[in-house]
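A structural walkthrough
As a plain string of letters, each chain reads:
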Amino acid sequence: MKSLVVGMGIGQLYKAVLLELGHTVVTVDHDINRGADYVSYELAFIEQGPFDTVHICTPNFTHMELALYAGEMRTGIVFVEKPGVQRSEDWLNMCKTYPTTRFMMVKNNQYREEIKQFTDLANQSNVVKICWNNYNRIPSPGSWFTTKELAFGGVSRDLIPHMLSYYCAMTDYTKGNKLYAKAVQRHSLESITDTDYGVVNPDGIYDVDDFCEIEFMNGKTKWILTANWRTQGDTTIGISFDMNNSAVKHELGLCPESAYKKMIAKALENLNNKEYWQDQFAQDIWIHRQIENL
């Protein structure tokens, strides 16, 4: 197997995982200081392609163009980091344009070892809460991360897709009803002097949501998904299951490499499984529709 990783931020993790899977890995990053094999995406394809898998780990506004080119170059599977592309219609058109290439939004958390346990608990619960409340983790305020034109949104595009992928994995998401959804900007560059994730550019733009909450009712169970980039209140990062007479809580740290490995391996195993890819497409379109309507 031969794989291309584009963007050597989170792409470093993909490189390590792919090497563990026995792939030959080629890397691309426009920043020469990141030590990638290529600066030019197109040249990597010309000299090294075609690839069995391509992993797009670049800023949100670049995803669509890079994914389309990978499809044009006859890639087997294109994994696009969350939040995918700007609109569900764009994702649909991309998949229609290159039907022989498989496109998947990264849903690595669905492959955690605890998912079956979580699903069993969810089936017994009246309320399931998935929270990702950071104390001070706004990503590089003033950069593309906090510029709506480039990121398409804030925490709703950064963390909420992870939570929606959990929801898809643990219940029949097609049968749920959305009760409530809001995405709110609570902070500004004037109020942010530091962050635990990147640096503050006081001359940049900050026009995105930094708090988001969505509620679904699915059967007898209410699902509450909450994401916060910066809060002085509850800093829970975890999932809780409220049952009639008890509650179970689990912390959620960063997704382990083993989940990424399972995601990639399963996709490759199912390369020619039509039902598998219909399911992936349905989930990806649904997730896009939830976040584009916030």
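The shown structure was predicted, so the numbers you read here are calculated from the model rather than taken from an experiment.

Rules used throughout
Residues numbered from 1 in each chain as written. Predicted model: local features only at pLDDT ≥ 70, side-chain atom pairs only at ≥ 80, totals over all residues. Heavy atoms only, no water. 1 Å grid on protein atoms, 1.4 Å probe; cavity = no way out; pocket = protein on both sides within 12 Å on 5 of 7 lines; lining within 4 Å. Points joined across faces, edges and corners; volume = space filled by probe spheres on them. Helix = DSSP H or I, 4+ residues; strand = E, 2+ residues; numbered from the N terminus. Nonpolar A, V, L, I, M, F, W, Y, C, P; charged D, E, K, R; others polar. Buried < 20%, exposed > 50% of the residue type's maximum accessible area, 1.4 Å probe, protein only. Pairing = 2+ DSSP bridges. Phe/Tyr/Trp six-rings, centres within 6.5 Å; stacked < 30°, edge-to-face > 60°. Lys NZ or Arg CZ within 6 Å of the ring centre and 35° of its normal.

Examining empty space enclosed by the protein
Inspection of the entire model under this criterion finds one cavity of 30 Å³ or more. The computed volume of the largest cavity comes to approximately 40 Å³. Every residue lining the largest cavity is listed: Lys82, Met105, Val106, Lys107, Asn108, Pro161, His162, Ser165 and Ile287. With three residues, helix 8 (residues 160-170) is the single largest residue contributor to the lining of the largest cavity. In terms of residue class, the lining of the largest cavity is made up of four nonpolar, three polar and two charged.

Quick word on the pairing of strand 11 (residues 247-251)
Little of strand 11 is tucked away, with zero of its five residues classed as buried. Of the pairings in the sheet, the one linking strand 10 (residues 237-242) to strand 11 comprises five bridges and is antiparallel in character. Pairing of Asp242 across the sheet is with Ala247, part of strand 11. The loop that links strand 10 with its antiparallel partner strand 11 comprises four residues.

Considerations on the packing of aromatic side chains
Here a ring pair, both rings aromatic, is described through the centre-centre distance and the interplanar angle of the planes. Under the counting rule described, the total for this entry stands at 15 aromatic pairs. An angle of 85° between the planes, with centres 5.0 Å apart, marks the rings of Tyr41 and Phe45 as edge-to-face. Of the two residues, Tyr41 and Phe45 both sit in helix 2 (residues 41-48), four residues apart, roughly one turn of that helix. A relative accessible area of 2% means that Phe45 is categorised as buried. Ring centres 6.2 Å apart and planes at 50° place the aromatic pair Phe145 and Tyr197 in the tilted group. Taken as a pair, Phe145 in the loop between strand 6 (127-133) and helix 6 (148-151) and Tyr197 in the loop between strand 7 (177-184) and strand 8 (211-218) lie far apart in primary sequence, 52 residues in all. The exposure class assigned to Tyr197 is partly exposed, which follows from its relative accessible area of 36%. By way of ring pairs, the aromatic residues Tyr167, Tyr173, Phe216, Trp223 and Trp286 are connected into one cluster. The ring centre of Tyr197 lies 4.3 Å from the NZ or CZ of Arg137, which sits over that ring. For the cation-ring pair, Arg186 lies above Phe211, with the distance from its terminal atom to the ring centre recorded as 3.9 Å.

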